[in-house]
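Geometric and topological summary
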Amino acid sequence: MEHLQSLTPAQEPVQCDVCTGSREVVVVYCKTCRVKLCKSCMSNHVSQSHKSHDMIAFRYSSVSRTKCMIHQGNKCEMICQQCRIQVCTKCIISGRHKNHDFQDISDKFGGESLSSNILSNDPIIILEFDSNNTDLDRIGVCGPDKVWTSFMYESHISCIDFTGKVRDKFRVPSDEYAADISVKSEDELYFCDWKEKTISKYIKKNNNIELVVKLDKWTPRAICVASSGDVSVCMTCSYDDHLCKIIQYKTGIIKQEIQCDADGNALFPYKGGEVFLAENGNEDICVSLPANRSVEVVNRDGIFRFSYHGNHDARTFYEFSPHGIATDRLHQILIADSASGCIDCINADGFFILYISCDLVDPRAIQINGANDNLYVGEFSTGKIKIIKYLH
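Along every chain, residues carry numbers that run from 1 in the direction the sequence is written. Reporting in this predicted model follows two pLDDT cut-offs: at least 70 for local features of residues, and 80 or more for side-chain atom pairs to be given and counted; totals over whole chains, interfaces and linings ignore these cut-offs and use all residues. Based on all heavy atoms of the structure, the side-chain values leave hydrogens and waters out of the count.

Here the focus is unusual backbone geometry. Positive phi values are uncommon outside glycine, yet Cys358 reaches one of about 60°. A run of DSSP states H or I qualifies as a helix once it reaches four residues; a run of E qualifies as a strand once it reaches two. Both are numbered from the N-terminal end. Checked against the element boundaries, Cys358 lands in the loop between strand E29 (352-356) and strand E30 (363-369). With a phi angle near 55°, Asp362 is a residue other than glycine that sits in the positive phi range.

With that settled, the discussion passes to the sheet that holds strand E22 (residues 276-279). Across the sheet, four strands lie side by side as E22-E23-E24-E25; this open sheet has antiparallel pairing. Only two strands of the sheet have a single partner each, and these edge strands are E22 and strand E25 (304-308). Taken over all neighbouring pairs, the strand axes of this sheet differ in orientation by 15° on average, direction set aside. In short, DSSP must find at least two bridges between two strands for them to pair. Looking at chain direction, strand E24 (residues 294-298) and E25 are connected through four bridges and run antiparallel. Here the axes come from fitting lines to C-alpha atoms, over the contacting stretch only for helices, and the angles between their N-to-C directions go from 0 to 180 degrees.

Here the focus is the nonpolar core. By convention a nonpolar core is built from buried Ala, Val, Leu, Ile, Met, Phe, Trp, Tyr and Cys residues, the set being connected through side-chain atoms within 4.5 Å. When accessible area is computed with a 1.4 Å probe and restricted to protein chains, residues below 20% of their type maximum are described as buried, those above 50% as exposed, and intermediate ones as partly exposed. If you look at the biggest cluster of nonpolar residues, it comprises 43 residues, and the most contacted ones within it are Ile343, Ile356, Leu375 and Ile388. Among the elements that take part in this core, E29 stands out by supplying five residues, more than any other. Any two residues whose heavy atoms approach within 4.5 Å at even a single point are treated as in contact. Beyond its immediate sequence surroundings of up to four residues, Ile356 is in contact with Pro123, Leu334, Cys342, Ile343, Leu375, Ile388 and Tyr390. By size, the runner-up hydrophobic cluster in this structure holds 26 residues, among which are Met42, Val46, Met55 and Ala365.

On to the pairing of E30. E30 sits mainly inside the fold: six of its seven residues count as buried. In terms of strand pairing, E30 meets strand E31 (residues 374-379) through six bridges, oriented antiparallel. For Pro363, the partnering residue across the bridge sits in E31 and is Glu379. Hairpin connection between E30 and E31: a loop of four residues separates the two successive antiparallel strands, and Asp373 in this loop has a positive phi of roughly 70°.

A few words on the sheet that holds strand E6 (residues 85-87). In spatial order, the strands read E6-E5-E7; together these three strands make up an open sheet with antiparallel pairing. At either end of the open sheet lies a strand with only one pairing partner, and these are E6 and strand E7 (102-104). Direction aside, neighbouring strands of the sheet carry axes that sit 40° apart on average. Pairing between strand E5 (residues 78-80) and E7: three bridges, direction antiparallel.

Any functional reading would require information that these geometric values do not contain.
Spelled out as structure tokens, the structure:
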């Protein structure tokens, strides 16, 4: 918990450090630059700098117990130390936080007034910009101020900055849209060419495309590149649409193949359409299958761990429609639900933690910026990219 000596009491609005004239009310605090910002100045502050900014929501109040997001009407009494969220007694006894440690909210804050503390309990959009197209299907974070973008039915993959200006661009060799993209570094982008059945990488410094893997009877659908350079590819069979597997490559050589469990049952039952893939920090492999309305998770040895079909306790009207998937430094799994307009956040064992809403419209592609824990969300139908701060 951070303290600012200059904060005024809670009943007095704190004014922006940047604004002149109007002095709008503060909504975020930039820990990097140590300035308080209003909503108008927040976007300019991020987009006009090449460095990464660590933003947190600016809120202050007396010690309060928030309403539980899962069990409506219940007040949160404890804080889960592993998930770092407030929970009610029903959350604890339900088993969602099995073997986790808890701390009383009053003990956490020592009974003190929080009027001088900066909290980030609520996710907040710190920047929003346009990708200049609709049908935004995949994104990849490639530095503090740039994002790779790939659009459905568009053969070009573009790198844009936070103003939407194109900084780099290349064409998929088959002249079809890329099935998926994955950033290894600021200089290397991997992509799946589903028509040519290839995995290739684009090298920015020489504008060159290098073939990594050429498949024969399998079509690449999703890709995830680890910092080590190991490549995981989710693929479907060309002659049997129901067959789906993951192959992990090391320097182009097959390292492991994951398709069925010990009884021969398919781990990733494929019903058509897109596939989204992510690798967690605990080395679990997470596969989002929109047509199945499920997320399937296996461990690094290909052993089934769990399936996630949405949070039925809280879901009322919309059917779960998972698309983009990402993981963060807490090993939480984030899933873009295009139907509800929310991001489901679950822990590494598949238990629901919270929804990230922020008035999202048709969220499809999501990525985590590992440098600052910010969540990047690409909206399919609007083409907008929204950057959300949701962690301390």
